[in-house]
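Here is how the chains run, residue by residue.
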Amino acid sequence: MVHAFKILHQSQPSILEDAVKRFYVFSLVAVVLLGFTAIASAKDIGVAWVGKSGMANRVNAGLEKGLADKGINIEFSKEMGSTDELGPLFAKWSSEKDGIVLLRSNGAKWLGKNPPSIPTFIGGCNNPVVLGTVKNMDAPGGNITGVTYFIDPDYMLPIFQALLPDMNSIALIVDANNPSAGVDMQSTKAACGKNGITYNEVKVTSKDEAAQKIGELSGKVSAIILGTQALLMDATAELVAAAGNTPVLAYNKKSVSEGALAGFAADDNKLGMMLADIVVDVVINGKPIGSIPVAVDPEPGLYLNEGAAEKFGITIPEELMESIKLVK
């Protein structure tokens with residue numbers, strides 16, 4: 001028995017060595033198999049938008065951050081020349097990709113007339129129902145969902161009235177050549193009807209025309225509201241000057257920084273992160289795209305320009321004190 005113990009004892013190193021070797025071989029095989037599995041399960045999407053847009057860049061930044069380390073490869077086609085280029089691109093990507101992200105209102109509007117054959121996600125766009133992209137934001141159906149910067153004027157106008165208690169008429173200024181103009185007009189007109197505000201709209205095609213029209217409206221309406229179009233945002237300082245003593249409000253943050261009294265804005269980076277979660281739900285987790293609501297910023301920012309507030313003698317209502325963000 002002692003002899004058997006000695007033999008077993010002497011053989012232990014060999015047994016341990018064999019066990020260690022088998023463990024390393026098993027680990028190596030497991031790592032290789034996991035690597036092949038990761039490669040096999042990696043998904044591919046394309047991200048595109050037409051024209052230059054700071055908003056598209058911000059939404060895309062949030063999207064890329066949200067998709068980091070999620071096993072999704074991204075191919076970009078940024079700042080395309082026109083929507084005419086989308087047809088060939090979609091035909092190519094539809095046969096190669098697991099999903100497509102199309103940013104901006106012009107892209108969302110194009111999708112309404114060109115239903116995609118693979119999961120397609122929108123972002124950096126106005127209300128997709130009015131743009132004709134989907135029939136219902138809560139249950140879009142088909143192969144389209146995503147996020148929108150849209151904030152219902154029915155939510156914004158009562159808060160503007162809290163800042164300007166005598167606001168009983170407005171003039172909405174929009175860029176006639178921008179697809180989002182129709183959304184701004186339709187939703188603002190409806191909200192004015194609900195809130196007892198006389199509605200006027202002015203469609204322009206240049207900043208000079210906008211300044212001229214606003215100058216003519218000065219003193220004839222309680223406030224002027226700038227739409228969500230870049231043409232108006234970029235010319236805000238001139239448009240505020242043209243308005244004289246008539247307050248200028250905005251459906252964006254940039255205009256407030258440039259002199260408009262107050263405005264609302266969704267957080268583009270946050271929307272990009274939310275869009276990434278939706279893409280993962282569909283492309284990685286297999287959730288039916290048509291069942292995912294088009295998401296909005298649940299807490300859009302309310303911005304107030306301090307200089308303009310002093311000019312118009314604005315007293316911030318107590319109920320807005322915690323939510324308002326002051327801009328100098």
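This text gives an overview of the structure that appears in the document. This one's a predicted model, so the numbers in the text were calculated from it and none came from an experiment. (Residues numbered from 1 in each chain as written. Predicted model: local features only at pLDDT ≥ 70, side-chain atom pairs only at ≥ 80, totals over all residues. Heavy atoms only, no water.)

A look at the layout of surface pockets
Estimated volume of the largest pocket: approximately 910 Å³. Every residue lining the largest pocket is counted, 44 residues in all, and those nearest its centre are M55, R58, Y149, T228 and M233. Grouping the constituent residues of the lining of the largest pocket by class yields 14 nonpolar, 16 polar and 14 charged. Its volume calculated, the second largest pocket comes out at about 160 Å³. Forming the walls of the second largest pocket are Y155, I159, F264, P298, E299, P300, G301, L302, L320, S323 and K325. Of the residues contributing to the lining of the second largest pocket, the split by class is seven nonpolar, two polar and two charged. (1 Å grid on protein atoms, 1.4 Å probe; cavity = no way out; pocket = protein on both sides within 12 Å on 5 of 7 lines; lining within 4 Å. Points joined across faces, edges and corners; volume = space filled by probe spheres on them. Nonpolar A, V, L, I, M, F, W, Y, C, P; charged D, E, K, R; others polar.)

Considering the side chain of R104
Within the element layout of this structure, R104 appears in the loop between β3 (99-103) and α4 (105-113). Of the buried charged residues, R104 lacks a salt bridge, with E79 as the closest side chain of opposite charge at 8.4 Å. Excluding its chain neighbours within four sequence positions, the residues that come into contact with R104 are W49, V50, G51, K52, S53, A56, G123, G124 and C125. (Helix = DSSP H or I, 4+ residues; strand = E, 2+ residues; numbered from the N terminus. Buried < 20%, exposed > 50% of the residue type's maximum accessible area, 1.4 Å probe, protein only. Lys, Arg positive; Asp, Glu negative; His and termini not counted. Salt bridge = Lys/Arg side-chain N within 4 Å of Asp/Glu carboxyl O. Contact = heavy atoms within 4.5 Å.)

Notes on the packing of aromatic side chains
For the structure on display, the rule yields three aromatic pairs. Measuring from ring centre to ring centre gives 5.0 Å for F90 and W110, while their planes differ by 55 degrees; the resulting arrangement is tilted. Residue F90 is located in helix α3 (residues 86-96), and its partner W110 is located in helix α4; the two are separated by 20 residues in the primary sequence. With respect to class, F90 is no different from W110; both count as buried. Centroid distance Y155 to F264: 5.6 Å. Interplanar angle 65 degrees. Geometry classified as edge-to-face. On the criterion of sequence distance, the pair formed by Y155 in helix α5 (residues 153-163) and F264 in strand β10 (residues 262-265) is long-range, its members being 109 residues apart. (Phe/Tyr/Trp six-rings, centres within 6.5 Å; stacked < 30°, edge-to-face > 60°.)

Here we look at the packing of helix α7 (residues 207-217) against helix α9 (residues 236-243)
Where α7 contacts α9, the two axes come as close as 8 Å, and the packing angle between them is 20 degrees. Taken together, α7 and α9 sit at an angle that is classed as roughly parallel. Once α7 is placed against α9, the crossing between them reads as right-handed. Contacts from K207, A210, A211, I214 and G215 of α7 reach α9 at E238, L239, A242 and A243. In the contact of α7 with α9, the residues fall into six nonpolar, one polar and two charged. (Axes fitted to C-alpha atoms, helices over the stretch in contact; angles between N-to-C directions. Parallel < 35°, antiparallel > 145°, perpendicular 65-115°, else oblique. Left-handed = near helix turned anticlockwise from the far one by under 90°.)

Things to note about the pairing of strand β4 (residues 120-123)
Here β4 shows a buried face lined by T120 and I122 and a second buried face lined by F121 and G123. Note that β3 and β4 share four bridges and pair parallel. When the sheet's bridge partners are listed, I100 is paired in β4 with T120. Note that the unit made of β3, α4 and β4 has a crossover that is right-handed. Bridge count for β4 against strand β5 (residues 144-146) is three bridges, and the pairing is parallel. The residue of β5 that forms the bridge with F121 is T145. (Pairing = 2+ DSSP bridges. Right-handed = clockwise from strand over helix to strand, strands pointing away.)

Describing the nonpolar core
Formed by 31 residues in total, the largest nonpolar core has its most connected members in L157, F160, M167, I170, L172, L249 and L261. Mapped by element, the contributors of at least two residues to this core are α5, β6 (169-175), α6 (180-194), β8 (223-226), β10, β11 (301-305) and α12 (306-311). In terms of residue count, α5 provides more of this core than any other element does, five residues in total. Discounting residues that sit within four places of it in the chain, I170 has contacts with T188, C192, I197, T198, Y199, N200, V221, A223 and I225. W49, A266, V280 and V282 belong to the second-largest nonpolar core, a separate cluster that totals 26 residues. (Core = buried A, V, L, I, M, F, W, Y, C linked by side-chain atoms within 4.5 Å.)

Quick look at α4
Those residues of α4 that fall on the buried side of the exposure criterion are S105, N106, G107, A108, W110 and L111. Here the buried face of α4 lies against β1 (43-50), α3, β3, β4, β5 and α6.

Re the pairing of β6
Among the seven residues of β6, seven are classified as buried, and the element is accordingly described as predominantly covered. The alternating pattern of β6 places S169, A171, I173 and D175 and I170, L172 and V174 on opposite faces, both of which are buried. Bridge count for β6 against strand β7 (residues 198-204) is seven bridges, and the pairing is parallel. Within the sheet, the bridge partner assigned to L172 lies in β7 and is E201.

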